[in-house]
Amino acid sequence: MVGALEIVQLPALSDNYIYLLHDPETKATGVVDPAVADVPLDAAQARGWHITHVLNTHHHMDHVGGNAALKAQTGCTIIGPERDRSRIPDIDVGVDDGDVVTFGSKTAEVFFTPGHTRGHIVYWFAADQALFSGDTLFSMGCGRLFEGTPAQMWASLQKIIDLPDETRVFCGHEYTAANGAFALSVEPENAALKARMAEVAALRDKALPTIPSRMDVERATNPFLRPMSQELQRTIGHEGQSLTDVFAKTRQLKDSF
């Protein structure tokens, strides 16, 4: 597509992904969840881009650790969750559920997705079919519930579960292989899941990323989006229970997997 948002996926730390965004029409350049500053700075400089924005999903240091240095070196505008303003370093603009972030000629809708943390948000660039899900939704997984409840996280996932099939899911970590091993333990007969795991194994054998995923793939393979699955309910001993209770049991099992 002409003028499509350019997305550069940058590995950092042990398993993080930082995302460098570039709007070719306005030259706006953003960084999603900078764990560190040097990685996106170097990537932007190599492309002749100047960083103008930072988009934070939540306050954990492996997502905001580069904020201060990026602000000092580029003067960028830092956007993050208003409800967690006090924990986002150097934040300029706080946003909340339903807000629209303007990034050059692009726009992203904000969803408030508490669960992993109490203030977590995600960004959906609808026109570019891109969801930056932080640690709310992973490929075949979801974030550990450090500050929220299972009911909160299931409600958060329901906000994004029906995004279009082609939506690319750019999450915060390369956890796919481990998540998939757990997914197979609760849905061992899921054909789509088996096929996805074969793809994942082939990619990881070549040290290639498994991210981005897609929403249609996640709906078919991610146990945390599938509490309605009769196989999953049967495997975990929660047949006929509420979807929230099935989700909660699935998350509990993953925590000790």
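A brief report on the enclosed structure follows. Small disclaimer: the values here were computed from a predicted structure and weren't measured.

### Quick notes on the overall build of the chain
At step 1: Secondary structure assignment for the chain yields nine helices and 14 strands.
At step 2: The globule rule puts the C-alpha radius of gyration for 257 residues at 18 Å, and the 18 Å found for the chain is close to it.
At step 3: Its C-alpha atoms give the chain principal-axis dimensions of about 55 × 40 × 30 Å.
At step 4: Look at the contacts in the chain between residues 6 or more apart in sequence, and 58% of them connect residues 24 or more apart.
At step 5: Surface summary for the chain: the accessible area is close to 10400 Å², and the carbon and sulfur share equals 51%.

### Describing the pairing of strand E7 (residues 100-103)
At step 1: Here E7 shows one buried face, formed by Val101 and Phe103, and one open face, formed by Val100 and Thr102.
At step 2: Note that E7 and strand E8 (residues 106-112) share four bridges and pair antiparallel. For Val101, the partnering residue across the bridge sits in E8 and is Ala108.
At step 3: The loop that links E7 with its antiparallel partner E8 comprises two residues; one of these, Gly104, has a positive phi angle of about 60°.

### Thoughts on the packing of aromatic side chains
At step 1: For the structure shown, the criterion picks out 12 aromatic pairs.
At step 2: Relative to Phe125, the ring of Phe103 lies with its centre 6.4 Å away and its plane at 85°, an arrangement referred to as edge-to-face. Of the two residues, Phe103 sits in strand E7 while Phe125 sits in strand E9 (residues 121-125), which places them 22 residues apart along the sequence. There is no split in this pair, since Phe103 and Phe125 are both buried.
At step 3: Note on Phe182 and Phe257: the rings are 5.3 Å apart at their centroids and 75° apart in plane angle, and the pair reads as edge-to-face.

### Quick notes on the sheet that holds E8
At step 1: One open sheet accounts for six strands, arranged E7-E8-E9-E10-E13-E14; its pairing is mixed. The sheet terminates laterally at E7 and strand E14 (213-214), the two strands that pair on one side only.
At step 2: The strands that helix H4 (residues 150-160) touches are E8, E9 and strand E10 (130-134); relative to E8, the one it contacts most, it runs at about 155°.

### Let's talk about the pattern of salt bridges
One side chain can pair with another of opposite charge once the charged atoms of both are near each other.
At step 1: Overall, the coordinates contain 15 salt bridges when judged by the stated rule.
At step 2: The partner of Asp128 in a salt bridge is Lys106, with the nearest N and O atoms 3.6 Å apart. In this pair, Asp128 sits in the loop between E9 and E10 while Lys106 sits in strand E8, placing the two residues 22 residues apart along the sequence.
At step 3: Under the relative-accessibility criterion, Asp128 is labelled buried at 5%.

### Looking at the packing of H4 against helix H9 (residues 243-255)
At step 1: Following both chains from N to C, one finds H4 and H9 inclined at 110°, their axes separated by 9 Å at the closest point. Viewed along their axes, H4 and H9 adopt a mutual orientation that is roughly perpendicular. Of the residues in H9, those in contact with Pro150, Ala151, Met153, Trp154 and Leu157 of H4 are Leu243, Thr244, Phe247 and Ala248.
At step 2: Residues of the contact of H4 with H9, tallied by class, amount to eight nonpolar, one polar and no charged.

### Some words on helix H6 (residues 191-205)
Residue pairs spaced three or four apart in an α-helix point in one direction, given the helix's 3.6 residues per turn.
At step 1: The end-to-end C-alpha distance of H6 is 21 Å, a good match for the 21 Å that 15 residues give at a rise of 1.5 Å each.
At step 2: Where the residues of H6 are buried, they touch helix H5 (176-186), E14 and helix H7 (215-221).
At step 3: A side-chain oxygen of the first residue of H6 lies 3.0 Å from the backbone nitrogen of Ala192; this N-cap is Asn190.
At step 4: Trailing H6 by a residue or two, Ala207 shows a phi angle of about 60°, which is positive.

### Examining the packing of H5 against H6
At step 1: Close contact between H5 and H6 brings their axes to 10 Å; oriented N to C, the two are set at 155°. Judged by the angle between their axes, H5 and H6 are roughly antiparallel. In this structure, H5 crosses over H6, and the sense of that crossing is left-handed. Note on element contacts: H6 touches H5 through Leu193, Lys194, Arg196, Met197 and Val200, opposite Thr176, Ala177, Gly180, Ala181, Ala183 and Leu184.
At step 2: Its residues assigned to classes, the contact of H5 with H6 shows seven nonpolar, two polar and two charged.

### Re the side chain of Asp84
At step 1: Relative to the elements of secondary structure, Asp84 occurs in the loop between strand E5 (77-81) and strand E6 (93-95).
At step 2: The exposure class of Asp84 is buried, given its relative accessible area of 0%.
At step 3: Once residues lying within four places of it in the same chain are set aside, the contact partners of Asp84 are His59, Arg118 and Gly119.

### Regarding the sheet that holds E6
At step 1: Strand order in the open sheet formed by six strands is E1-E2-E3-E4-E5-E6, with mixed pairing between adjacent strands. Strands at the two margins of the open sheet, each flanked by one partner only, are strand E1 (6-12) and E6. With strand direction ignored, the average angle separating the axes of adjacent strands in the sheet is 20°.
At step 2: Summarising the sheet, E1 and strand E2 (residues 16-22) pair through seven bridges and their orientation is antiparallel. Looking at the pairing, Ala12 lines up with Asn16 of E2.

Reading the values: the criteria
- Residues numbered from 1 in each chain as written.
- Predicted model: local features only at pLDDT ≥ 70, side-chain atom pairs only at ≥ 80, totals over all residues.
- Heavy atoms only, no water.
- Helix = DSSP H or I, 4+ residues; strand = E, 2+ residues; numbered from the N terminus.
- Rg over C-alpha atoms; globule rule 2.2 N^0.38 Å.
- Contact = heavy atoms within 4.5 Å.
- Areas by Shrake-Rupley, 256 points an atom, 1.4 Å probe, with all protein chains shown as cover.
- Buried < 20%, exposed > 50% of the residue type's maximum accessible area, 1.4 Å probe, protein only.
- Pairing = 2+ DSSP bridges.
- Phe/Tyr/Trp six-rings, centres within 6.5 Å; stacked < 30°, edge-to-face > 60°.
- Axes fitted to C-alpha atoms, helices over the stretch in contact; angles between N-to-C directions.
- Salt bridge = Lys/Arg side-chain N within 4 Å of Asp/Glu carboxyl O.
- Parallel < 35°, antiparallel > 145°, perpendicular 65-115°, else oblique.
- Nonpolar A, V, L, I, M, F, W, Y, C, P; charged D, E, K, R; others polar.
- Expected span 1.5 Å × (residues − 1).
- Polar contact = N/O pair within 3.5 Å; in protein donor to acceptor, adjacent residues only side chain to side chain.
- Left-handed = near helix turned anticlockwise from the far one by under 90°.

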